[in-house]
Amino acid sequence: MADVTKLFFLRHLRGTPTVWVRCQKRGRTSREGTSQSFWYRPLVAVLSEVPVDDRELPLMFHARTADFADVTVQATVTYRIDDPALAATRLDFSVDPYRGQARARPLDQVATLLTELAQQPAIDLLARLPLAEALTSAVPQLREDVAAALAEDARLADIGVAVVSARVVAVRPEPELERSLQTPTREAVQQDADKATYSRRAQAVEQERAIAENELQNKIELARREQQLVEQRGANAQRQAELAAAAGLAAAQGEAERERTLASAQADKVRAVGAAEAESEAARLAAYRDLPPSVLQALALRELAGQLPEIGQITITPDLLTGTLSRLADGSR
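Computed from a predicted model, the values in this text were never measured in an experiment.

So, how was this worked out
- Residues numbered from 1 in each chain as written.
- Predicted model: local features only at pLDDT ≥ 70, side-chain atom pairs only at ≥ 80, totals over all residues.
- Heavy atoms only, no water.
- Helix = DSSP H or I, 4+ residues; strand = E, 2+ residues; numbered from the N terminus.
- Buried < 20%, exposed > 50% of the residue type's maximum accessible area, 1.4 Å probe, protein only.
- Contact = heavy atoms within 4.5 Å.
- Areas by Shrake-Rupley, 256 points an atom, 1.4 Å probe, with all protein chains shown as cover.
- Pairing = 2+ DSSP bridges.
- Core = buried A, V, L, I, M, F, W, Y, C linked by side-chain atoms within 4.5 Å.
- Patch = residues over 30% accessible without salt bridge, like charges linked within 9 Å, V, L, I, M, F, W, Y side chains within 5 Å.
- Salt bridge = Lys/Arg side-chain N within 4 Å of Asp/Glu carboxyl O.
- Axes fitted to C-alpha atoms, helices over the stretch in contact; angles between N-to-C directions.
- Expected span 1.5 Å × (residues − 1).
- Arc of directions from axis to C-beta.
- Parallel < 35°, antiparallel > 145°, perpendicular 65-115°, else oblique.
- Left-handed = near helix turned anticlockwise from the far one by under 90°.
- Nonpolar A, V, L, I, M, F, W, Y, C, P; charged D, E, K, R; others polar.

Enquirer: What is the right way to read the overall build of the protein chain from this model?
Expert: From N to C terminus, the protein chain includes 8 helices and 10 strands. A total of 333 residues make up the protein chain; the buried ones form 23% of that total. Considering only contacts within the protein chain whose residues lie at least 6 apart along the sequence, 64% involve residues at least 24 apart. On the protein chain, roughly 23,200 Å² of surface is accessible, and the fraction owed to carbon and sulfur atoms is 55%.

See below:
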């Protein structure tokens, strides 16, 4: 859309670098080209505005393969108006001189023509190919055929249109058919995923088993060491008992030896004392052997008196005195 401003009965148009503008008055061209800016009278001026920039036209159309499968072709055509003066005479690019709005939609005509020209070689090629080949290897050939068909068509040159490039993006079957075709691949991928899952689970189980075995080995080792500790403690206790018994035995033997030594010494002492007493008694008896009986009796009385308890008072009765005197008289005889 042209940028048109109003000043009284005049109009001013300001173009852009990508828009070709032609101004005609009474059938004669007064101005044309890109980046135009001028005043004009809308009553007598005829304006045409042709875009000359590159334009992308997305295409999507249906085709049928050799095995009667419907597919959808996605493509993109880049084109531009190469001869805007010719295009302005073949298509309606006129602009309202009062408001600057386009009076028709000529680019839609160009898009329709490009779509029809691109469809024909694609449909012809896909009709000769089975579905599997069309989906896997037909895209490069489609691109070449569509580009060649658009470059060689004379109708585009007649309206001043040049095709810059043609790209075929994809060839897709119907959604249900595409899902059916994807099923083997999806199943294979799922099988690989299941294998990976099973492998991961098997590795996890193996790791858990290894951990359990390691724990069991640790417990066995701890039990073995505990058994060794118990055995060592028992051996130590037995050794301590043996050492204590040996020490007790040695102490008992020492005590017995000491007792024997003491007993022997005591016996020797007793024997020595007895021998001394016997010798003393023998010496005393030897001394008494030669004494007269009266002296012996006196000594006996003295000995007896020494053995009697202390007498505070003594009462001499006639009977006692008579008996004593009689024994003394008998002894004197």
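Enquirer: Hey, could you run me through the sheet that holds strand 3 (residues 19-25) in this one?
Expert: Think of a sheet as strands paired side by side through backbone hydrogen bonds, with each pair either parallel or antiparallel. Strand order in the open sheet formed by 4 strands is 4-3-6-9, and the pairing between neighbours is antiparallel. The sheet is open, and its two edges are formed by strand 4 (28-34) and strand 9 (94-95), each paired on a single side. Relative to strand 6 (residues 45-51), strand 3 runs antiparallel, the two being bridged by 7 bridges. Across the sheet, the residue bridging to Gln24 is Val46, located in strand 6.

Enquirer: How should I be thinking about the nonpolar core in this particular structure?
Expert: Side chains of a nonpolar character, in soluble globular proteins, are inclined to be buried together. By size, the foremost hydrophobic cluster in this structure holds 40 residues, and its most contacted members are Leu114, Leu126, Leu142 and Leu150. Listed by contribution, the elements that provide at least two residues to this core are strand 7 (55-64), strand 8 (70-81), helix 1 (84-90), helix 2 (106-126), helix 3 (131-136), helix 4 (138-152) and strand 10 (161-173). The element that contributes the greatest number of residues to this core is helix 2, accounting for 9 residues. If we skip the residues at most four places from it in the chain, Leu126 touches Ala63, Arg64, Thr65, Ala66, Val71, Val73, Ala134, Ala138 and Leu142.

Enquirer: Before we go on, may I ask you to explain a nonpolar patch on the surface in this structure?
Expert: There is a patch of nonpolar side chains on the surface, built from Leu7, Phe8, Phe9 and Trp39 and spanning about 520 Å² of accessible area. Counting through the fold element by element, Phe9 comes out in the loop between strand 1 (3-7) and strand 2 (10-14). Residue classification places Phe9 among the exposed residues on the basis of a relative accessible area of 60%.

Enquirer: So what exactly am I meant to see when it comes to the sheet that holds strand 7 here?
Expert: Here we have 3 strands laid out as an open sheet, ordered 7-8-10, and antiparallel in their pairing. Two strands lie at the open edges of the sheet, namely strand 7 and strand 10, each paired on one side alone. Taken over all neighbouring pairs, the strand axes of this sheet differ in orientation by 20° on average, direction set aside. Across 10 bridges, the pairing between strand 7 and strand 8 is antiparallel.

Enquirer: For this particular structure, what's the right way to read unusual backbone geometry?
Expert: A negative phi angle is the norm for most residues apart from glycine, just as the trans form is the norm for most peptide bonds. The backbone of Phe8 sits at a positive phi, close to 55°, despite the residue not being glycine. Structurally, Phe8 can be placed in the loop between strand 1 and strand 2. Classification of Phe8 by relative accessible area gives exposed; the value is 69%. In this model, Ser35 sits at a positive phi of 55°, which is unusual for a non-glycine residue. With a relative accessible area of 46%, Ser35 lands in the partly exposed category.

Enquirer: Sorry if this is basic, but what is going on with helix 2 here?
Expert: For an α-helix the count is 3.6 residues per turn, leaving residues at separations of three or four pointing the same way. Helix length check: helix 2 (21 residues) gives 31 Å between terminal C-alpha atoms against 30 Å at 1.5 Å per residue, within 8%. Burial in helix 2 covers these residues: Pro106, Val110, Ala111, Leu113, Leu114, Thr115, Leu117, Ala118, Pro121, Ala122, Leu125 and Leu126. Where helix 2 is buried, its residues touch strand 7, strand 8, helix 3, helix 4, helix 5 (154-158) and strand 10.

Enquirer: Whenever I open this one, helix 4 confuses me. Can you help?
Expert: Between the first and last C-alpha of helix 4 there are 21 Å, a value that for 15 residues agrees with the 21 Å anticipated at 1.5 Å per step. Within the span of helix 4, buried status applies to Ala138, Val139, Leu142, Val146 and Leu150. Seen along its axis, helix 4 keeps its buried residues to an arc of 90°; they face one direction. In this structure, helix 4 carries Glu144, Ala151 and Glu152 as exposed residues pointing more than 90 degrees from its buried face.

Enquirer: Would you explain the packing of helix 2 against helix 4 in this entry?
Expert: A packed helix pair is summarised by two numbers, namely the angle formed by the two axes and the spacing between the axes. One way to put it is that helix 2 packs onto helix 4 with a least axis distance of 9 Å and a crossing angle of 140°. Comparing the axis directions of helix 2 and helix 4 gives the class oblique. In the crossing of helix 2 with helix 4, the sense of the turn from one axis to the other is right-handed. Taking contact as the criterion, the partners of Leu114, Leu117, Ala118, Pro121, Ala122, Leu125 and Leu126 in helix 2 are, on helix 4, Ala138, Gln141, Leu142, Asp145, Val146, Ala149 and Leu150. Of the residues assigned to the contact of helix 2 with helix 4, the class counts are 12 nonpolar, 1 polar and 1 charged.

Enquirer: It is not clear to me how the environment of Leu142 should be interpreted in this structure. Could you clarify?
Expert: Along the chain, Leu142 falls in helix 4. By relative accessible area, which is 0% here, Leu142 ends up buried. C-alpha separation for the pair Leu142 and Asp124, spaced 18 residues apart in sequence, amounts to 9.8 Å. Residues in contact with Leu142, not counting those within four places in the same chain, are Ala122, Leu125, Leu126, Val168 and Val171.

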